[in-house]
Amino acid sequence: MTHPLKKDPLDAGTRGTGRGRPAAALTLLMLLCATATLPGCGALLAESSSAAAGVAGASIADAIGAGATATTGIGLGVQAGARAGLQYAQRRVHGAAQSRIAGVAGALPVGGVARWETRHDLPIEADEQGEVTVVRLIGGEGLSCKEIVFSVEAAPETADGAPRRAFYTAAICRDGEVWRWASAEPATERWGSLQ
Amino acid sequence: MSGTVVRLALVALASGPLVACGAVADLTGAVTGGVAAVATANPIVGYGIGIGVRAVTTTAINYAVRRRQQAAQDEVAAVIGALEPGETRSWKIEHDIPIGNEHGEVRLVRTVDSALATCREALFSVASGGAPDAPRQWFLTTACRQGDRWKWAAAEPAAERWGSLQ
């Protein structure tokens, strides 16, 4: 069973973070991030895009004759806005991928295996694919949840033809007709570099 | 330069839990930008350099901290993979830069049988420092076998629960 490949509605409308000259460098970075699963690419992208937007904002403020203080303030404001916008886009794209896996797993019985895949319009995260299986049912009256194990296959295949796979565990719960990701955030003591 | 910055950040982190690591990047960027602005007498150049240095510093620090966290996760996952049912073993991580070393115990809770992979759920405790009465806290996680080794398997939280994690 393969989940239908369709354009992600959540990705629509999130384009357009940054325009002009810094946007060209940003587009290049996005493509690099999409073609190679570089570690920390998302963080680099967030920093680069907001920095580029901030510099562009400050340049415009300077060009229209604003003072040094106002120029810096406008630059920092634009930078903060760009950062928030990109983080929002990343959250939406990642949420869409979670919904995809949860949707596939929601239709599976315990022990069933199905394939999942994501295709993002916005290349801030790499397209991913793999398999998902249901380990057990959790919950009670009026509450239906599942523990799942899913694999994420790396794009380059190994010498023997089999994709390199990483395995992860998560929980999903049913909300009406929709299955949603149910894994909570780590304890704040274990956030580490997440923040 | 990033190596120096990372060391500076780790020293700042060790000097007190309230010192945010991100502040190092902000300060580095601010100082560099200020110097550049004075040297060139152009606030835009100063601003651009300051923001650029800040971006590079933040990325370098995040990368270094994530690598250290991954090393700790690999240690715990390896112990989880070696456990017998009901057994308790100790784990510890000693970083090259001896800051933030942790240790504790690992207990196997159950084996997660699935059609895809062999996984285990385990409790692990974390204590910092060498004192025998150091405060410790317990956490629950999962690990799966990947090839010939065990890796941390707890997936990311739901995007709706990211909040200020990002």
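Residues numbered from 1 in each chain as written. Chains lettered and ligands numbered in written order. Predicted model: local features only at pLDDT ≥ 70, side-chain atom pairs only at ≥ 80, totals over all residues. Heavy atoms only, no water.

**A few points about the overall build of chain A**
Next up, step 1: Scanning chain A for helices and strands turns up three helices and five strands.
Next up, step 2: The order of α-helices and β-strands along chain A, N terminus first, is α-α-α-β-β-β-β-β.
Next up, step 3: Relative to its full complement of 195 residues, chain A shows a buried share of 42%.
Next up, step 4: Contacts spanning at least 24 positions in sequence make up 47% of the contacts within chain A whose residues lie at least 6 apart.
Next up, step 5: Here chain A displays about 9,900 Å² of accessible surface, and carbon together with sulfur accounts for 58% of that area. (Helix = DSSP H or I, 4+ residues; strand = E, 2+ residues; numbered from the N terminus. Buried < 20%, exposed > 50% of the residue type's maximum accessible area, 1.4 Å probe, protein only. Contact = heavy atoms within 4.5 Å. Areas by Shrake-Rupley, 256 points an atom, 1.4 Å probe, with all protein chains shown as cover.)

**A look at the packing of aromatic side chains**
Residue and element names in this part refer to chain A.
Next up, step 1: Taken as a whole, this structure holds six aromatic pairs over all chains when the rule is applied.
Next up, step 2: Each ring, one from Phe-150 and one from Trp-181, has its centre 5.6 Å from the other, and the planes form 70°; the classification is edge-to-face. Of this pair, Phe-150 sits in strand E3 (residues 143-157) while Trp-181 sits in strand E5 (residues 178-181), placing them 31 residues apart in sequence.
Next up, step 3: Taken together, Trp-116, Phe-150, Tyr-168 and Trp-181 form an aromatic cluster joined through their ring pairs.
Next up, step 4: Lys-146 extends its terminal NZ or CZ atom over the ring of Trp-179, reaching a point 4.7 Å from the ring centre. (Phe/Tyr/Trp six-rings, centres within 6.5 Å; stacked < 30°, edge-to-face > 60°. Lys NZ or Arg CZ within 6 Å of the ring centre and 35° of its normal.)

**Considering the state of the cysteines**
Next up, step 1: Inspection of every chain in the model, using the stated rule, returns two disulfides over all chains.
Next up, step 2: The disulfide partner of Cys145(A) is Cys173(A), and the S-S distance across this bridge is 2.0 Å. Across the S-S bond linking Cys145(A) and Cys173(A), the dihedral sits near 100°, which makes this disulfide right-handed. Placement of the pair is Cys145(A) in strand E3 and Cys173(A) in strand E4 (residues 163-175), with a sequence separation of 28 residues.
Next up, step 3: Residue class for Cys145(A) comes out buried when judged on its relative accessible area of 6%.
Next up, step 4: Between Cys119(B) and Cys144(B) runs a disulfide, and the two sulfur atoms are separated by 2.0 Å. Disulfide Cys119(B) to Cys144(B): torsion about the S-S bond roughly 95°, handedness right-handed. Of the two residues, Cys119(B) sits in strand E3 (residues 118-128) while Cys144(B) sits in strand E4 (residues 136-146), which places them 25 residues apart along the sequence.
Next up, step 5: Residue classification places Cys119(B) among the buried residues on the basis of a relative accessible area of 0%. (Disulfide = S-S within 2.5 Å.)

**What to know about the nonpolar core**
Next up, step 1: Core analysis: the biggest nonpolar cluster contains 18 residues, and Ile101(A), Trp116(A), Val132(A), Ile148(A), Phe150(A), Ile172(A) and Trp181(A) have the highest contact counts within it.
Next up, step 2: Elements with a contribution of two residues or more to this core: helix H3 (68-106), strand E1 (113-118), strand E2 (128-140), E3, E4 and E5 of chain A.
Next up, step 3: By size, the runner-up hydrophobic cluster in this structure holds 17 residues, among which are Val106(B), Ala122(B), Ala143(B) and Trp152(B). (Core = buried A, V, L, I, M, F, W, Y, C linked by side-chain atoms within 4.5 Å.)

**Re the pairing of E4(B)**
Next up, step 1: Here E3(B) pairs with E4(B) via nine bridges, running antiparallel. Bridge pairing links Leu123(B) to Leu140(B) in E4(B). (Pairing = 2+ DSSP bridges.)

**Quick notes on the confidence of the model for chain B**
Residues and elements named next belong to chain B.
Next up, step 1: Counting all residues, the mean pLDDT for chain B is 81, and 86% of those residues have values of 70 or more.
Next up, step 2: In the model, residues 12-19 has pLDDT below 50 throughout and makes five contacts with residues more than four positions away in sequence or in other chains.
Next up, step 3: On the interface metric, ipTM, the complex scores 0.75, and its pTM is 0.73. (pLDDT = per-residue confidence, 0-100.)

**Some details on the pattern of salt bridges**
Next up, step 1: Within this structure, the stated rule accounts for eleven salt bridges over all chains.
Next up, step 2: Across the pair Arg115(A) and Glu153(A) runs a salt bridge whose closest N-O atoms are separated by 3.0 Å. Residue Arg115(A) is located in strand E1, and its partner Glu153(A) is located in strand E3; the two are separated by 38 residues in the primary sequence.
Next up, step 3: Judged by its relative accessible area of 32%, Arg115(A) falls in the partly exposed class.
Next up, step 4: Looking at Glu153(A), the relative accessible area reads 12%, which means it is buried.
Next up, step 5: Residues joined by salt bridges that share partners form a network here, namely Arg136(A), Glu147(A), Arg110(B) and Glu121(B). (Salt bridge = Lys/Arg side-chain N within 4 Å of Asp/Glu carboxyl O.)

**What about a nonpolar patch on the surface?**
All names here are of chain B.
Next up, step 1: A cluster of nonpolar side chains, namely Val-109, Leu-123, Trp-138 and Leu-140, defines an oily patch on the protein surface of about 340 Å² accessible area.
Next up, step 2: Residue position: Leu-123 is located in strand E3.
Next up, step 3: On the basis of relative accessible area, Leu-123 is assigned to the partly exposed category, the value being 32%. (Patch = residues over 30% accessible without salt bridge, like charges linked within 9 Å, V, L, I, M, F, W, Y side chains within 5 Å.)

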